[in-house]
Amino acid sequence: MAFCADLSPASLLAAYRAGLYPFPTSDDYARVLNEVLYADLVEEGRIPLVGEESDDPYAVSWWSPDPRPVLPVSAAHLSRSLARRLRNRLPWSTSLNQRFEQVVRECRADRNPLWLTEELIASLIRLHELGHAHSVEVWEDSDLVGGVFGLQVGSVLSMDSMFFHRPGASKVAVSDLAARFAQAGGVLLDAQRDSPHVRDLGTLLVPREQYVRHLRRTARDILPMPTATLPARRLAQPTGSR
């Protein structure tokens with residue numbers, strides 16, 4: 001949708017409210033590749049360059065897919081095998097916002113391309129401090145074994161990334177996030193990019209216009225989520241009993 005080097009907290013929040021998310025380049029090669037691939041579209045005016053002339057806009061691309069993969073919080077579910085493992089006393093618990101930066105950095109580890117740059121991480125941490133960005137942590141005793149983080153815009157929470165150190169831990173994190181967000185009055189989890197992995201979570205593809213229209217209606221809503229540390233096995237129960 002655009003190239004813009006501004007990854008400040010204010011810019012990031014405004015972009016998410018408009019249905020965009022950033023993809024910073026990790027090195028000079030990726031930055032040059034952006035310019036090579038998209039210079040003609042920029043020249044034609046189909047992709048704008050935004051920001052100060054002194055900035056390097058090709059270092060950060062901003063995306064808004066059409067259609068958009070979203071997960072209604074009421075439709076979030078675990079696979080039968082994972083639910084069975086939780087019911088069989090898998091010793092996991094979940095928390096909200098206890099280790100935001102650690103979750104972000106775990107999501108960054110060993111990723112290629114490395115889009116979670118230090119500049120972006122700093123802005124995400126600041127938005128977390130301001131109450132806009134959230135994380136769910138999955139614990140096995142005192143070990144962090146999975147998590148997910150994202151940025152909330154009213155009744156939508158856009159999930160940026162997730163990680164796991166135990167099979168199924170990232171899916172438990174998403175299910176827990178959906179349960180907490182639903183309790184707060186949230187409606188959608190945004191998966192941002194379509195993939196077989198997010199399809200496994202139960203996502204639906206909706207037109208971008210519909211997604212952005214929903215964002216605009218609820219962007220200023222404040223929906224505080226419950227923060228208690230809870231047993232993960234509750235997520236294996238029917239939605240109404242969580």
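Bear in mind that the values here come from a model prediction, so they are computed numbers and not experimental data. (Residues numbered from 1 in each chain as written. Predicted model: local features only at pLDDT ≥ 70, side-chain atom pairs only at ≥ 80, totals over all residues. Heavy atoms only, no water.)

As for the layout of surface pockets
Turning to step 1, where the next piece is worked out: Reported here for the largest pocket is a volume of approximately 280 Å³.
Turning to step 2, where the next piece is worked out: Forming the boundary of the largest pocket are 13 residues, of which Ser 161, Met 162, Arg 193, His 197 and Val 198 lie nearest the centre.
Turning to step 3, where the next piece is worked out: Elements that contribute at least two residues to the lining of the largest pocket include exactly strand 9 (156-164) and helix 7 (196-200).
Turning to step 4, where the next piece is worked out: The dominant element in the lining of the largest pocket, judged by the number of residues it contributes, is strand 9, at six residues. (1 Å grid on protein atoms, 1.4 Å probe; cavity = no way out; pocket = protein on both sides within 12 Å on 5 of 7 lines; lining within 4 Å. Points joined across faces, edges and corners; volume = space filled by probe spheres on them. Helix = DSSP H or I, 4+ residues; strand = E, 2+ residues; numbered from the N terminus.)

What about the confidence of the model for the protein?
Turning to step 1, where the next piece is worked out: When pLDDT is averaged along the protein, the result is 89; 97% of the residues meet or exceed 70.
Turning to step 2, where the next piece is worked out: Element-level pLDDT for the protein is lowest in helix 7, with a mean of 78, against a maximum mean of 97 in strand 7 (residues 133-140). (pLDDT = per-residue confidence, 0-100.)

With respect to the sheet that holds strand 3 (residues 49-50)
Turning to step 1, where the next piece is worked out: The four strands lie next to each other as 2-4-1-3, forming an open sheet whose pairing is mixed. Among the strands making up the open sheet, the edge pair consists of strand 2 (21-24) and strand 3. (Pairing = 2+ DSSP bridges.)

Focus on the sheet that holds strand 9
Turning to step 1, where the next piece is worked out: If you walk across this open sheet you meet the eight strands as 11-5-10-9-8-7-6-12, and the pairing is mixed. The two strands at the open ends of the sheet, each matched to only one other strand, are strand 11 (204-206) and strand 12 (230-231).
Turning to step 2, where the next piece is worked out: Bridging between strand 5 (residues 68-72) and strand 11 involves three bridges; their strand directions are antiparallel. Following the sheet pairing, Val 70 is matched in strand 11 by Leu 204.
Turning to step 3, where the next piece is worked out: Taken strand by strand, helix 1 (residues 9-17) contacts strand 8 (143-153) and strand 9, and its axis lies near 75 degrees from that of strand 8.
Turning to step 4, where the next piece is worked out: Packing of helix 4 (residues 100-108) onto the sheet brings it into contact with strand 7, strand 8 and strand 9, and relative to strand 8 it is tilted by some 100 degrees. (Contact = heavy atoms within 4.5 Å. Axes fitted to C-alpha atoms, helices over the stretch in contact; angles between N-to-C directions.)

Description of the pairing of strand 6 (residues 92-96)
Turning to step 1, where the next piece is worked out: Where burial is concerned, most of strand 6 is hidden: five out of the five residues are buried.
Turning to step 2, where the next piece is worked out: Residues Trp 92, Thr 94 and Leu 96 point to one face of strand 6 and Ser 93 and Ser 95 to the other, with burial holding for every one of them.
Turning to step 3, where the next piece is worked out: In this structure, strand 6 lies alongside strand 7, joined through five bridges in antiparallel fashion. By the bridge assignment for strand 7, Ser 93 is matched with Trp 139.
Turning to step 4, where the next piece is worked out: Inspection of the sheet shows strand 6 paired to strand 12 by two bridges, in the antiparallel sense. By the bridge assignment, Ser 93 is partnered in strand 12 with Pro 231. (Buried < 20%, exposed > 50% of the residue type's maximum accessible area, 1.4 Å probe, protein only.)

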